[in-house]
Number of protein chains: 2
Amino acid sequence: MPAKTDHEARRRDVSAAVWRVVAEGGFGALTLRSVAGDLGASTGLVTHYFGSKQELLRHALELAEERTRALIPDLTDLRAALAAVLPTTPEATEISRVWVSSWDVALADPELHELERARYRRWRTRLRPLVIKAQAEGDLPPGDPSDLSTALAAFTHGLVVQALFDPTTYTPKRQLRLLDLHLSSLRHTSD
Amino acid sequence: MPAKTDHEARRRDVSAAVWRVVAEGGFGALTLRSVAGDLGASTGLVTHYFGSKQELLRHALELAEERTRALIPDLTDLRAALAAVLPTTPEATEISRVWVSSWDVALADPELHELERARYRRWRTRLRPLVIKAQAEGDLPPGDPSDLSTALAAFTHGLVVQALFDPTTYTPKRQLRLLDLHLSSLRHTSD
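Here the structure is a predicted model, which is why all the values come from computation and not from measurement. (Residues numbered from 1 in each chain as written. Chains lettered and ligands numbered in written order. Predicted model: local features only at pLDDT ≥ 70, side-chain atom pairs only at ≥ 80, totals over all residues. Heavy atoms only, no water.)

### What to know about the overall build of chain A
Secondary structure summary: chain A contains nine helices and zero strands in total. Long-range contacts, defined here as pairs at least 24 residues apart, represent 64% of the contacts in chain A between residues at least 6 apart. Surface summary for chain A: the accessible area is close to 8,500 Å², and the carbon and sulfur share equals 55%. (Helix = DSSP H or I, 4+ residues; strand = E, 2+ residues; numbered from the N terminus. Contact = heavy atoms within 4.5 Å. Areas by Shrake-Rupley, 256 points an atom, 1.4 Å probe, with all protein chains shown as cover.)

Put into C-alpha cells, the structure is as follows:
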C-alpha cells in the first residue's frame, strides 16, 4: 500500500484502471472488483478512492468526457467537429465505444440519464453556431438550426454505432467519405 | 412447480419475464436472479429454461428481433420503414431502449457482436430497395444506394438515442417532423 502522501498519484493509477476496464469490456464489466483485478490490488484500495459502484460509473463517464474534450478541442469547422466524433483513430474508437456502451447504464439510472441528456444538449449547443455559419455560407439548407444540429448529431452517432460493429465495412476512410457525401447531399439544396 | 406437460407455457412465462427485466432495467439488469425475482421463482427454474447468462442475453436479443419484425411488418415505403424505428409509441420506445442498451453487452461479447453486425447488415439490405425506389422517383439524390442506406440507418438510430434520453424535447411529433425535414432536405437535391 502506498503512503498517504502518494494519494494523488495512486488515485491516478486507479482512474487509469477504471478507463482500461471500461474501454476493454464496457460498462457491464465495470465493478470495484474488476478495477482492483486490473491493478492487482484489493477492492479495499479501490473503494478508498471510489466508494461505490455508482461513483465508479460516474468517474468513467467523467473520463470519457475529458477525453472527448481533448479529441474535439477546436470547434470552428462543422465538418471537422463531426469527423472528430467518428471512430477513425484508435483513441476515437476507444472513446466512442465507451460512450455507446455507457447508454445501457445511463438509460437505467436516473442520475446518469440526466447527465447524458445534459451532455447531448451541450453537444447540440456547440454544433449550433457552426450550423448557422454553414447555413450562411450556403453549405446547409435553411431551417431551424436546432433541428439541423439534432440531425447532424444523429447522423454521426448512428454512423459511430455501425462502424463500431462493422469496422471492416466502415473503415476510417469510408466513414469520412460517408460524412462528406452526407454533407454534400445537404449542400445541394440551394442549387 | 408446474407439471412437465406445462413446459411450453412455463417457458413463455420465463421469456416474458426476461423481456420485462430488460425493458425495465436494460442488459445490465439481466441476470438469472433478476428474472427469477420477477417471476417470484427460484433461479433453478430459470436455469431449467436458460442454462447460462449468455443464453439469457441471446434470448433477450431474439425477443427484441421478433418484436422489431412485428413493428416493421411491411417494407414498401421508405418513410414508413424509418418512422417505425423511432420511439414514437410505448411499444417502439421499449424495443428501442432494449436495442440501445444491448450495445454494451454486444460490443463486449464476440458472439453477440457478430449477431449485431449481421443484424445491421440485414437492416441496410432491407432498406436498399426502398432507397433505390426513392432515387428512381427523385426523392433521394443519386449515388450508391448502400451509402444512402447506411446514412438513413445512421440518422434514425442517432435520433432514437437522443429521443430516448430526451423524450420531452423529442416528442413523437417532433421526431416525425425531424424525419420528414431530413428526407425533404435530401429530396431537394434534384431541384
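### Considering the nonpolar core
Leu 30 of chain A together with Leu 30 of chain B are the most contacted members of the largest nonpolar core, which has 126 residues in total. Discounting chain neighbours no more than four positions away, the residues touching Leu 30 of chain A are Val 18, Val 21, Val 22, Val 35, Lys 53, Leu 56, Leu 57 and Ala 60 of chain A. (Core = buried A, V, L, I, M, F, W, Y, C linked by side-chain atoms within 4.5 Å. Buried < 20%, exposed > 50% of the residue type's maximum accessible area, 1.4 Å probe, protein only.)

### Things to note about the packing of helix α5 (residues 78–85) of chain B against helix α8 (residues 145–165) of chain B
Residue and element names in this part refer to chain B. The N-to-C vectors of α5 and α8 enclose an angle of 30°; their axes lie 9 Å apart at closest approach. Classed by the angle they form, the pair α5 and α8 counts as roughly parallel. Judged by the sense of rotation from one axis to the other, the crossing of α5 with α8 is right-handed. Contact residues: α5 offers Leu 78, Leu 82 and Val 85, while α8 offers Leu 152, Thr 156, His 157 and Val 160. Across the contact of α5 with α8, the residue classes break down as five nonpolar, two polar and no charged. (Axes fitted to C-alpha atoms, helices over the stretch in contact; angles between N-to-C directions. Parallel < 35°, antiparallel > 145°, perpendicular 65-115°, else oblique. Left-handed = near helix turned anticlockwise from the far one by under 90°. Nonpolar A, V, L, I, M, F, W, Y, C, P; charged D, E, K, R; others polar.)

### Quick notes on the environment of Phe 155 of chain A
Secondary-structure assignment places Phe 155 of chain A in helix α8 (residues 145–165). Residues Phe 155 of chain A and Leu 179 of chain A lie 24 residues apart in sequence; the distance between their C-alpha atoms is 8.5 Å. Residue contacts for Phe 155 of chain A: discarding those within four places in its chain leaves Leu 178, Leu 179 and His 182 of chain A together with Ala 151, Ala 154 and Phe 155 of chain B.

### Focus on the relation of the copies chain B and chain A
The two copies are related by a screw motion: chain B maps onto chain A through a turn of 180° and a shift of 0.0 Å along the axis, at an RMSD of 0.0 Å. What we have between these two chains is a two-fold relation. Interface overlap between copies is the fraction of interface residues in one copy that are interface residues in the other; for chain B against chain A it reaches 100%, indicating a shared surface. (Least-squares fit on C-alpha atoms with pLDDT ≥ 70 in both.)

### Some remarks on helix α4 (residues 53–71) of chain B
Since the α-helix advances by 3.6 residues per turn, residues separated by three or four positions end up pointing in the same direction. All names here are of chain B. Here α4 is 19 residues long and its end C-alpha atoms lie 27 Å apart, about the 27 Å a rise of 1.5 Å per residue gives. For α4, the full list of buried residues reads Leu 56, Leu 57, His 59, Ala 60, Leu 61, Leu 63, Ala 64 and Thr 68. Tucked inside the fold, the buried residues of α4 contact α1 (7–25), α2 (32–39), α3 (43–49), α6 (90–108) and α7 (110–136). (Expected span 1.5 Å × (residues − 1).)

### As for the domain arrangement of chain A
Residue and element names in this part refer to chain A. Entries for chain A in the domain assignment read domain 1 (1–64) and domain 2 (72–191). For domain 1 and domain 2, the distance between their C-alpha centroids amounts to 29 Å. At the interface, 12 residues of domain 1 touch 12 residues of domain 2. Summed over both partners, the interface of domain 1 with domain 2 buries about 1,100 Å², with 66% contributed by carbon and sulfur atoms. (Domains from an automatic or database assignment. Buried area = accessible area lost by both parts, 1.4 Å probe.)

### A short note on the side chain of His 157 of chain B
One can find His 157 of chain B in helix α8. Dropping the residues within four chain positions of it, His 157 of chain B is found in contact with Val 85, Tyr 120 and Trp 123 of chain B.

### A few points about the interface of chain B and chain A
Every contact between the two is made by 47 residues of chain B and, on the other side, 47 residues of chain A. Both faces considered, chain B and chain A share a buried interface measuring about 3,900 Å² in area, 58% of it formed by carbon and sulfur atoms. The largest contributions to the chain B side of the interface with chain A come from Asp 104, Leu 107 and Phe 165 of chain B, which together make up 20% of the buried area. Our enumeration of links across chain B and chain A arrives at 10 salt bridges. In this structure, Asp 166 of chain A engages Arg 124 of chain B in a salt bridge whose closest nitrogen and oxygen atoms are separated by 3.4 Å. Connecting chain B to chain A are 26 residue pairs in polar contact (both at pLDDT 80 or more). Those elements giving two or more residues to the side of chain B that touches chain A turn out to be α6, α7, α8 and α9 (172–187) of chain B. In terms of residue count, the dominant contributor to the side of chain B that touches chain A is α8 of chain B (13 residues). Class assignment for the residues of the side of chain B that touches chain A results in 21 nonpolar, 15 polar and 11 charged. (Salt bridge = Lys/Arg side-chain N within 4 Å of Asp/Glu carboxyl O. Polar contact = N/O pair within 3.5 Å; in protein donor to acceptor, adjacent residues only side chain to side chain.)

### A word on the UniProt feature "domain: HTH tetR-type" (unreviewed entry) in chain A
Listed under "domain: HTH tetR-type" (unreviewed entry) in the UniProt record, and renumbered for this structure, are residues 8–68 of chain A. The span residues 8–68 of chain A shows a helical share of 80% and a strand share of 0%, and its end C-alpha atoms are spaced 23 Å apart. (UniProt positions renumbered as here; feature names shortened; annotations may be inferred.)

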